[in-house]
Amino acid sequence: MNPQANLIFIISLFLGTTITISSNHWIMAWTGLEINTLAILPLISKSHHPRAIEAATKYFLTQSAASALVLFSSMTNAWYTGQWDITQLTHPTSSLILTSAIAMKLGLVPFHFWFPEVLQGSPLTTGLLLSTIMKLPPIALLYMTSPSLNPALLTTLAILSTALGGWMGLNQTQIRKVLAFSSISHLGWMAIIIVYNPKLTLLNFYLYAMMTATIFLTLNTIKVLKLSTLMTAWTKIPSLNAMLLLTLLSLAGLPPLTGFLPKWLIIQELTKQDMAPAATLISLLSLLSLFFYLRLAYCTTITLPPHTTNHMKQWRTNKSTNIMIAVLTTMSVMLLPISPMILTIV
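It should be emphasised that the depicted structure is a prediction, and the values quoted were computed from it without experimental measurement. (Residues numbered from 1 in each chain as written. Predicted model: local features only at pLDDT ≥ 70, side-chain atom pairs only at ≥ 80, totals over all residues. Heavy atoms only, no water.)

1. Some remarks on the overall build of the protein chain
Working step 1: Each helix and strand in the protein chain was counted, giving 16 helices and zero strands.
Working step 2: Counting only C-alpha atoms and orienting by the principal axes, one finds that the protein chain spans roughly 70 × 50 × 35 Å.
Working step 3: Taken over 346 residues, the protein chain has a buried fraction of 54%.
Working step 4: Roughly 15,200 Å² of accessible area belongs to the protein chain as shown, and the carbon and sulfur atoms make up 70% of that amount.
Working step 5: The centroid of the 17 positive side-chain charges in the protein chain is displaced by 20 Å from the centroid of its 6 negative side-chain charges. (Helix = DSSP H or I, 4+ residues; strand = E, 2+ residues; numbered from the N terminus. Buried < 20%, exposed > 50% of the residue type's maximum accessible area, 1.4 Å probe, protein only. Areas by Shrake-Rupley, 256 points an atom, 1.4 Å probe, with all protein chains shown as cover. Lys, Arg positive; Asp, Glu negative; His and termini not counted. Charge placed at Lys NZ, Arg CZ, Asp CG, Glu CD.)

2. Some thoughts on the layout of surface pockets
Working step 1: Counted as a void, the largest pocket has a volume near 280 Å³.
Working step 2: If you list the elements that add at least two residues to the lining of the largest pocket, you get α6 (124-131), α10 (198-222) and α15 (323-334).
Working step 3: Taken together, the residues that form the lining of the largest pocket break down as 12 nonpolar, two polar and no charged.
Working step 4: The residue makeup of the lining of the largest pocket includes at least three contributed by each of domain 1 (1-149) and domain 2 (151-308 + 318-345).
Working step 5: Of the pockets and cavities examined, the second largest pocket occupies roughly 160 Å³.
Working step 6: If you go around the second largest pocket, the residues you meet are Trp189, Ala252, Gly253, Leu254, Phe260, Lys263, Ile267, Ser283, Ser286, Leu287 and Leu290.
Working step 7: Only α13 (260-272) and α14 (276-302) provide two or more residues apiece to the lining of the second largest pocket.
Working step 8: The residue inventory of the lining of the second largest pocket, partitioned by class, reads seven nonpolar, three polar and one charged. (1 Å grid on protein atoms, 1.4 Å probe; cavity = no way out; pocket = protein on both sides within 12 Å on 5 of 7 lines; lining within 4 Å. Points joined across faces, edges and corners; volume = space filled by probe spheres on them. Nonpolar A, V, L, I, M, F, W, Y, C, P; charged D, E, K, R; others polar. Domains from an automatic or database assignment.)

3. Things to note about the domain arrangement of the protein chain
Working step 1: Looking at the protein chain, the domain boundaries give domain 1 (1-149) and domain 2 (151-308 + 318-345).
Working step 2: Each of domain 1 and domain 2 has a C-alpha centre, and the two are 23 Å apart.
Working step 3: The interface of domain 1 with domain 2 comprises 29 residues on the first partner and 37 residues on the second.
Working step 4: Of the roughly 2,900 Å² buried where domain 1 meets domain 2, counting both sides, 80% is carbon and sulfur surface.
Working step 5: A per-residue breakdown of the area domain 1 buries against domain 2 is headed by Val109, Gln120 and Leu124, which together make up 23% of the total.
Working step 6: At the boundary of domain 1 with domain 2, the tally comes to one salt bridge.
Working step 7: Taking the shortest distance from any N to any O, the salt bridge between Glu117 and Lys177 comes out at 3.4 Å.
Working step 8: Summed over the shared surface of domain 1 and domain 2, the result is five residue pairs in polar contact (both at pLDDT 80 or more).
Working step 9: Residue composition of the side of domain 1 that touches domain 2, by class: 17 nonpolar, 10 polar and two charged. (Contact = heavy atoms within 4.5 Å. Buried area = accessible area lost by both parts, 1.4 Å probe. Salt bridge = Lys/Arg side-chain N within 4 Å of Asp/Glu carboxyl O. Polar contact = N/O pair within 3.5 Å; in protein donor to acceptor, adjacent residues only side chain to side chain.)

4. Some words on the pattern of salt bridges
Working step 1: Within the structure shown, the criterion is met by three salt bridges.
Working step 2: Of the charged contacts in the structure, one is a salt bridge between Lys58 and Glu54, with a shortest N-O distance of 2.7 Å. Placement of both Lys58 and Glu54 in helix α3 (residues 50-81) is noted, with a separation of four residues, approximately one turn of the helix.
Working step 3: On the accessibility criterion, Lys58 (29% relative accessible area) is partly exposed.
Working step 4: A residue is classified by how much of its surface remains accessible, and Glu54, at 38% relative accessible area, is partly exposed.
Working step 5: A single network of salt bridges, built from pairs that share partners, joins Glu54, Lys58, Glu117 and Lys177.

5. A few points about empty space enclosed by the protein
Working step 1: Applying the stated criterion across every chain yields a total of four cavities of 30 Å³ or more.
Working step 2: Considering only enclosed or pocket space, the largest cavity measures out at about 100 Å³ in volume.
Working step 3: Contributing to the lining of the largest cavity are Leu33, Asn36, Thr37, Tyr59, Gln63, Lys105, Trp114, Leu130, Met134, Lys135 and Pro138.
Working step 4: Those elements that place two or more of their residues in the lining of the largest cavity are α2 (26-44) and α3.
Working step 5: No other element matches α2, which puts three residues into the lining of the largest cavity.
Working step 6: When grouped by side-chain class, the residues that make up the lining of the largest cavity number six nonpolar, three polar and two charged.
Working step 7: Of the volumes computed, that of the second largest cavity is approximately 60 Å³.
Working step 8: Surrounding the second largest cavity, Leu106, Leu108, Ile139, Leu142, Leu187, Met190, Ala191, Ile194 and Thr201 form its lining.
Working step 9: Of all elements in the fold, only α7 (136-145) and α9 (175-193) reach the threshold of two or more residues within the lining of the second largest cavity.

Put into structure tokens, the structure is as follows:
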């Protein structure tokens, strides 16, 4: 793709996100979401591969339907209450339609079917944008409307997302699909707490985005897309692969690492809200996703492929690791000890 065109699309992406996050009026928020959708489509389909075109088409159709529902929800609310302000979404039908629309935009169960396919058809860098920055505007809208959302509906969506995200990721061999189901599972954790403590949802999203960015950038550096090639990639940059192991375990939410912080705080908050059964259930369901993170980690560093493998061992590369990956990896692994400071900032 032409670098100038690429730059315009990236700038439009950040512009759309900024407009949605900073708007008070529903029409401005909707405009930002539309700019976002139109800016990411060329980035998905830039390889001209049939799978990439298919992914762009699926993304466009899903996001268009979701945007139409956002507009319908805000118009219904304006019809009944006379308010176009995002924080004044008080009509129950409007909040129900909005929850469905945002679930569709984010890829929450049962509107999750498009996300793994789109991520699989996109390049790794576009996949990173889809998993992180494209999720920020819908989460910001949920954050602003959180007082009027239906807790029972969101809890149901969250538990189903965590269950299906973990369950459907178990037998995947394509790393991008595994990361898509990982994203669905994490969104379940964010959705369950949004009504009770919206700031925890934002903290969870920031940490999830940081860890996912680390994994996507690492995979992009070692040029790996499948589990079978991940097994032989350890010879390229051994130190980076060792850190990828720790980042994967952090994304799984294991205790000494950063990823444990949001899970710990969410379980604590759910228990305070007399939702101990929901907290127990979502914790048990996250063990499903722990299995495929461990599988990825095992393929990354611990396993040596058998001698009958069809893959040749890779030459070790001399290029130094990107400083951004180094910073992100360190933060993805070592932020738990300073969690009190993070909580005071949030």
